[in-house]
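Below, each chain spelled out in residue letters.
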Amino acid sequence: DTGVSQDPRHKITKRGQNVTFRCDPISEHNRLYWYRQTLGQGPEFLTYFQNEAQLEKSRLLSDRFSAERPKGSFSTLEIQRTEQGDSAMYLCASSLASGRSYYEQYFGPGTRLTVT
Amino acid sequence: AQKVTQAQTEISVVEKEDVTLDCVYETRDTTYYLFWYKQPPSGELVFLIRRNSFDEQNEISGRYSWNFQKSTSSFNFTITASQVVDSAVYFCALSETGFQKLVFGTGTRLLVSP
């Protein structure tokens, strides 16, 4: 059973450029989450999907950020016109939700973004 | 509003010592879930335990044990006979009804020296 995978693992970009990250969840998981973690802090929630529907977005997710999960499998997170404040670790997690049963989130290795 | 407080920023112990990591939470929901995750130097968050608000039984798993007390809104984590491999940042997290987003504390860095 493979875990959550993320690509790329590291990304260095210049301010103003667009970047896109990909997350592949655990295959049977229908929920997918994005979090952002800066140095010395805990992860902060950005958004989550159940299947292909985006159900919640944090106020942290400015207009420059967009996330998709087109077929309810993998997801992409795009940041347009990157700023130095976007430098962080972007974490993806997945979980299973079935009826009224919910299960814990499993995290991927993260994508570390550095904006120069 | 949900909030998780981990007041201990960093703890240093010598191998074989017992150590307790504190977690205090705030929520208005009567149904909620508490979690502990480990983040080793490699960076990947590793799930350790989930606890439901309606189940206050303490849990033990090998050298790990968790003490959940609703009366003090605490969910503390004890490692018995610590080992160097336990060195990591440990996060406590909270999720409300519907098991949606996790709200994390700021983490406690545990350093276990030989």
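Only a predicted model underlies this, so the values are computations on that prediction, with no experimental measurement involved.

1. Some thoughts on the interface of chain A and chain B
Phase 1: Each side of the interface is counted separately: chain A has 20 residues, and chain B has 16 residues.
Phase 2: Roughly 1,600 Å² is buried in total at the junction of chain A and chain B, and carbon and sulfur atoms are behind 55% of that figure.
Phase 3: Of all residues in chain A, the largest losses of buried area upon contact with chain B belong to Tyr102(A), Glu104(A) and Phe107(A), amounting jointly to 31% of the total for that side.
Phase 4: Here chain A and chain B share two salt bridges between them.
Phase 5: In this structure, the salt-bridge partner of Glu56(A) is Lys101(B), at a minimum N-O distance of 3.6 Å.
Phase 6: Taken together, the connections running from chain A to chain B amount to three residue pairs in polar contact (both at pLDDT 80 or more).
Phase 7: Listed by contribution, the elements that provide at least two residues to the side of chain A that touches chain B are strand E4 (31-37), strand E5 (44-50) and strand E12 (106-107) of chain A.
Phase 8: Broken down by element, the residue count for the side of chain A that touches chain B peaks at four residues, all from E4(A).

2. Some remarks on the state of the cysteines
Residue and element names in this part refer to chain A.
Phase 1: Going through the model one piece at a time under the given rule, you end up with two disulfides over all chains.
Phase 2: Disulfide partner of cysteine 23: cysteine 92, at an S-S distance of 1.8 Å. Disulfide cysteine 23 to cysteine 92: torsion about the S-S bond roughly -70 degrees, handedness left-handed. Note that cysteine 23 is positioned in strand E3 (residues 19-24) and cysteine 92 in strand E9 (residues 88-95), a separation of 69 residues in sequence.
Phase 3: Here cysteine 92 falls in the buried class, since its relative accessible area comes to 0%.

3. Let's talk about the environment of Lys38(B)
Residues and elements named next belong to chain B.
Phase 1: Relative to the helices and strands, lysine 38 resides in strand E5 (residues 32-39).
Phase 2: Each C-alpha atom of the pair lysine 38 and glutamate 26 lies 21 Å from the other, and the pair is twelve residues apart in sequence.
Phase 3: Those residues in contact with lysine 38 that sit more than four places away from it in its chain are Glu44, Leu45, Val46, Leu48, Tyr64, Val85, Asp86, Ala88, Val89 and Tyr90.
Phase 4: In this structure the side chain of lysine 38 is engaged in a polar contact, spanning 3.1 Å, whose partner is the backbone oxygen of valine 85.

4. A closer look at unusual backbone geometry
Excluding glycine, residues mostly carry a negative phi; peptide bonds, for their part, are mostly trans.
Phase 1: The omega torsion across Asp7(A) and Pro8(A) is -5 degrees, close enough to zero to call that bond cis.
Phase 2: Mapped onto the fold, Pro8(A) is located in the loop between strand E1 (5-7) and strand E2 (10-13).
Phase 3: Residues other than glycine seldom take positive phi values, yet Asn51(A) does so here, at roughly 55 degrees.
Phase 4: Mapped onto the secondary structure, Asn51(A) falls in the loop between E5 and strand E6 (53-57).
Phase 5: Its identity is not glycine, yet Ala81(B) carries a phi of approximately 50 degrees, on the positive side.

5. Here we look at the nonpolar core
Phase 1: The biggest cluster of nonpolar side chains holds 23 residues, and the ones touching the most others in it are Trp36(B), Phe75(B), Phe77(B), Tyr90(B) and Leu110(B).
Phase 2: Sorting the residues of this core by element identifies strand E2 (10-14), strand E3 (19-21), E5, strand E8 (64-69), strand E9 (74-79), strand E10 (88-96) and strand E12 (108-113) of chain B as the ones contributing at least two each.
Phase 3: Formed by 19 residues, the second largest nonpolar core is a distinct cluster that contains Ile26(A), Phe49(A), Ile79(A) and Tyr90(A).

6. Side note on the pattern of salt bridges
Phase 1: Scanning the entire structure with this criterion turns up eight salt bridges over all chains.
Phase 2: Ionic pairing is found between Asp86(B) and Arg63(B), a salt bridge with its closest N-O pair at 2.8 Å. A residue pair is termed long-range when its members are at least 10 positions apart, and Asp86(B) in the loop between E9 and E10 and Arg63(B) in the loop between strand E7 (59-61) and E8 qualify at 23 residues.
Phase 3: Judged by its relative accessible area of 1%, Asp86(B) is buried.
Phase 4: Residue Arg63(B) is classed as partly exposed on the basis of its relative accessible area, which comes to 25%.
Phase 5: Through salt bridges with shared partners, a single network forms among Arg64(A), Glu83(A) and Asp86(A).

Calculation criteria
- Residues numbered from 1 in each chain as written.
- Chains lettered and ligands numbered in written order.
- Predicted model: local features only at pLDDT ≥ 70, side-chain atom pairs only at ≥ 80, totals over all residues.
- Heavy atoms only, no water.
- Contact = heavy atoms within 4.5 Å.
- Buried area = accessible area lost by both parts, 1.4 Å probe.
- Salt bridge = Lys/Arg side-chain N within 4 Å of Asp/Glu carboxyl O.
- Polar contact = N/O pair within 3.5 Å; in protein donor to acceptor, adjacent residues only side chain to side chain.
- Helix = DSSP H or I, 4+ residues; strand = E, 2+ residues; numbered from the N terminus.
- Disulfide = S-S within 2.5 Å.
- Buried < 20%, exposed > 50% of the residue type's maximum accessible area, 1.4 Å probe, protein only.
- Core = buried A, V, L, I, M, F, W, Y, C linked by side-chain atoms within 4.5 Å.

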